[in-house]
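Spelled out, the chains give:
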Amino acid sequence: MSDRASVEELVRRAYERRSAGDLDGIMQCFGSDPSFRLAGDEVLGVLTTEVRGQDNLRQAMRRLVAAWDWKDYRIDAILVDGDRVAVHAKGTMLFVPTGQRFDTETLDLLEIADGRIKQFLQFCDTHMAAKAMGLAA
């Protein structure tokens, strides 16, 4: 899958399903042995520990979908270079357990293989997320 249009369609579908909180739909966008990680210091282990494999990713995504509402979050730009993708997104996030809302941005780096997401690395404001989750001051 090196065709730009196909890669962009996959990425948009994954983000739309995430915004909708569609766990099964999200998982359909990932390959058989995916990895997912938020970039950041290991002191925020719960946020930044790499997740590998379908079962572990499903558990992590289930927790993320339940805790973080992304309905008001949109893709600003997608850059495709073969099987590598960079996605800039921004909007308002809601941390469901506390009702806290905040505006933020993310930059995601993805690797695509066999028509699915193989690797997903997200750069976000981990301090803000940790604060919202009560893990930082």
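All values reported here derive from a predicted model rather than from experimental measurement.

Engineer: I keep staring at empty space enclosed by the protein and nothing clicks. Help me out?
Structural biologist: Once rolled over the atoms, a probe with the size of a water molecule shows which space is left empty. A complete count under the given rule lists one cavity of 30 Å³ or more for this structure. In this structure, the largest cavity occupies an estimated 340 Å³ of space. As for the largest cavity, its lining consists of 24 residues, and the residues nearest its centre are Arg18, Phe36, Leu64, Trp70 and Gln122. Taken together, the elements giving at least two residues each to the lining of the largest cavity come down to helix H1 (4–20), strand S1 (30–38), helix H4 (54–67), strand S3 (68–81), strand S5 (100–113), strand S6 (116–123) and helix H5 (126–132). With four residues, S5 is the largest single contributor of residues to the lining of the largest cavity. Broken down by class, the residue content of the lining of the largest cavity amounts to 17 nonpolar, three polar and four charged.

Engineer: Could you clarify how one ought to interpret the confidence of the model for the protein in this entry?
Structural biologist: Where the model shows low pLDDT, its predicted coordinates should not be examined in detail. In the predicted model, the protein carries a mean pLDDT of 91, and 96% of its residues have values of at least 70. Of all the helices and strands in the protein, helix H3 (residues 45–48) carries the lowest mean pLDDT, 73, while helix H2 (residues 23–28) carries the highest, 97.

Engineer: Looking at this structure, how should I read the side chain of Ser35?
Structural biologist: Looking at the secondary structure, you find Ser35 in strand S1. Not counting the four nearest positions on each side in its chain, Ser35 is found in contact with Glu50, Val51, Arg52, Lys118, Gln119 and Phe120.

Engineer: What exactly am I supposed to notice about the pairing of S5 here?
Structural biologist: Two faces belong to every sheet, and in a regular strand the side chains alternate between them. Both strand S4 (residues 84–95) and S5 contribute to a ladder of 12 bridges, which runs antiparallel. Within S5, the residue paired with Phe95 across the bridge is Gln100. Where S4 folds back onto S5 in an antiparallel hairpin, the turn is made up of four residues, including Gly99, whose phi is positive at roughly 80°. Here S5 runs beside S6; their pairing, made up of seven bridges, is antiparallel.

Engineer: Can you help me understand the state of the cysteines in this one?
Structural biologist: Structurally, a disulfide amounts to a covalent bond that connects the sulfur atoms of two cysteines. A complete count under the given rule lists zero disulfides for this structure. Cys29 takes part in no disulfide bond, and the closest cysteine sulfur to it belongs to Cys124, at a distance of 20 Å. Taking relative accessible area as the criterion, Cys124 reaches 24% and is therefore assigned partly exposed.

Engineer: Where do I start with the sheet that holds S3 in this structure?
Structural biologist: Adjacent strands of a sheet pair through backbone hydrogen bonds, lying either parallel or antiparallel. Taking strand neighbours across the sheet as the criterion, the six strands line up as S2-S1-S6-S5-S4-S3 in an open arrangement whose pairing is mixed. On the outer flanks of this sheet lie strand S2 (51–52) and S3, each paired with one strand and no other. Where S1 meets S2, two bridges bridge the pair, whose relative direction is antiparallel. Of the residues in S2, the one forming a bridge with Ser35 is Arg52. Running at roughly 170° to S3, H1 makes contact with S3, S4, S5 and S6 of the sheet. Taken strand by strand, H4 contacts S1, S2, S3 and S4, and its axis lies near 50° from that of S1.

The rules behind these values
- Residues numbered from 1 in each chain as written.
- Predicted model: local features only at pLDDT ≥ 70, side-chain atom pairs only at ≥ 80, totals over all residues.
- Heavy atoms only, no water.
- 1 Å grid on protein atoms, 1.4 Å probe; cavity = no way out; pocket = protein on both sides within 12 Å on 5 of 7 lines; lining within 4 Å.
- Points joined across faces, edges and corners; volume = space filled by probe spheres on them.
- Helix = DSSP H or I, 4+ residues; strand = E, 2+ residues; numbered from the N terminus.
- Nonpolar A, V, L, I, M, F, W, Y, C, P; charged D, E, K, R; others polar.
- pLDDT = per-residue confidence, 0-100.
- Contact = heavy atoms within 4.5 Å.
- Pairing = 2+ DSSP bridges.
- Disulfide = S-S within 2.5 Å.
- Buried < 20%, exposed > 50% of the residue type's maximum accessible area, 1.4 Å probe, protein only.
- Axes fitted to C-alpha atoms, helices over the stretch in contact; angles between N-to-C directions.

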